[in-house]
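If you want the building blocks of each chain, they are given just below.
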Amino acid sequence: MDVQISHSDAAKYAHCIKASKAVRWDIDADVIKGRTFDVGRKYLPDGLSLGREFTGLSPEEKRFVSQIQGRTYANIFGLVERFITAKLLEVGRDHWLGDQNALEALVRFSDEELKHQTLFRRIEKMMADTLPPGYRFAPDPNAVARAVLSKSTWSVLLLTLHIELFVQNHYRQSIEPDAALSGLFKDVFLFHWKDEVQHVVIDELELRRHDAGLTKEERNKAVDDFIALVAAVDGILQMQAKADTSYFIANCGRTVMLQEAELIEKQFLKAYRWQYIFSGTQHPRFQQILKSMIKEPQLHRISLALATLQ
Ligand SMILES: [Fe+2]
Ligand SMILES: [Fe+2]
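Thresholds applied
Residues numbered from 1 in each chain as written. Chains lettered and ligands numbered in written order. Predicted model: local features only at pLDDT ≥ 70, side-chain atom pairs only at ≥ 80, totals over all residues. Heavy atoms only, no water. Core = buried A, V, L, I, M, F, W, Y, C linked by side-chain atoms within 4.5 Å. Buried < 20%, exposed > 50% of the residue type's maximum accessible area, 1.4 Å probe, protein only. Helix = DSSP H or I, 4+ residues; strand = E, 2+ residues; numbered from the N terminus. Contact = heavy atoms within 4.5 Å. Donors = N, O, S within 2.8 Å, 3.2 Å for Na, K, Ca; no water.

J.: Is there a simple way to explain the nonpolar core in this structure?
T.: Note that soluble globular proteins tend to have their nonpolar side chains buried in a common cluster. In this structure, I123, W154 and F185 are the most contacted members of the largest nonpolar core, which totals 90 residues. Tallying contributions element by element places helix 4 (residues 59–92) first for this core, with 13 residues. Excluding its chain neighbours within four sequence positions, the residues that come into contact with W154 are L207, H210, D211, L214, R219, A222, V223, L290, M293 and I294.

See the structure below:
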């Protein structure tokens, strides 16, 4: 407990508190503002849903794909934010009797993630009201969180950094001018991003602090844990791509033959891998931080594992 942190790190935690206070938002007053989802609009932008790549589908069907993916987006975030909150509360323990700005920054981080979970639960229900019944989200957030938290802290913090960095990419996709996009979903991206900007700074501080205390062997083992976590994320994405394809076929209003169904499932999986894996691992900041902590053979192991998902 009561770890010592450098002056420059202390200043970063203090800055995160200031920024967190400045952007503080409310789910109803700032994000939802009494609005509902308009089923005539896309929920996820094309840059995330890869809507244009579903080439065999009509514009209405592509819109339906973006709505299914929007619902899955809310569910995936509800899931990942469960273990992120738990891990950050755990590492926050190191600051209990140390730098009180670091402690406050982590408490705020956790509080914001709890708010995000509430927001995503709310919008998931709101989207459900606009879509036909039968949608299924298979993974249980608590079971996934328990499995993730059983891995080393380094690997969980690295996965968290990766997730919070890709939220920034997702926000950029959502601000592309697109009149067909849901205004409410656009604001979900905007307000989520406002908090994640600070979270990324804290992730890096906590990850580097933790990394400094590891032996070479522990770090090497943590790299394997990270690869296992990415594979577990991919397992969830494969399962959900299958479920979402079945739901699409059951509700698109026409008969879809097996060959086309397989193609649609492939496209769903490609979009999910882009959203939840590659938009993070390809982020320049992620690459930079990773390279500063691990050696070439370890980087190579991660690249090989990622290449199997292409
Ligand atoms: Fe979040
Ligand atoms: Fe976050």
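On we go from here.
J.: Explain the coordination of the iron ion (ligand 2) to me, please; I cannot follow it from the model alone.
T.: A four-donor tetrahedral metal ideally has 109.5 degree angles, and a six-donor octahedral metal ideally has angles of 90 or 180 degrees. Note on the iron ion (ligand 2): its protein donors are E113 (OE), E164 (OE), E196 (OE), E196 (OE) and H199 (ND1). The metal-donor distances range over 1.7 to 2.4 Å. Along the chain, the residues donating to the iron ion (ligand 2) are arranged with the sequence spacing E-x50-E-x31-E-x2-H. The metal-metal distance between the iron ion (ligand 2) and the iron ion (ligand 1) comes to 3.5 Å, with E113 coordinating both. One end of the pair, E113, is in helix 5 (residues 100–130); the other, E164, is in helix 7 (residues 153–174), and 51 residues separate them in sequence. Take E164: its relative accessible area is 1%, and that puts it in the buried class.

J.: Looking at this structure, how should I read unusual backbone geometry?
T.: Peptide bonds are mostly trans, and most non-glycine residues show a negative phi. You will see that K33, though not glycine, has its phi angle at about 45°, which is positive. Within the secondary structure, K33 is located in the loop between helix 2 (27–32) and helix 3 (46–49). Taking relative accessible area as the criterion, K33 reaches 49% and is therefore assigned partly exposed. Located in the positive-phi region is L50, a residue other than glycine, with phi close to 55°. Within the fold, L50 resides in the loop between helix 3 and helix 4.

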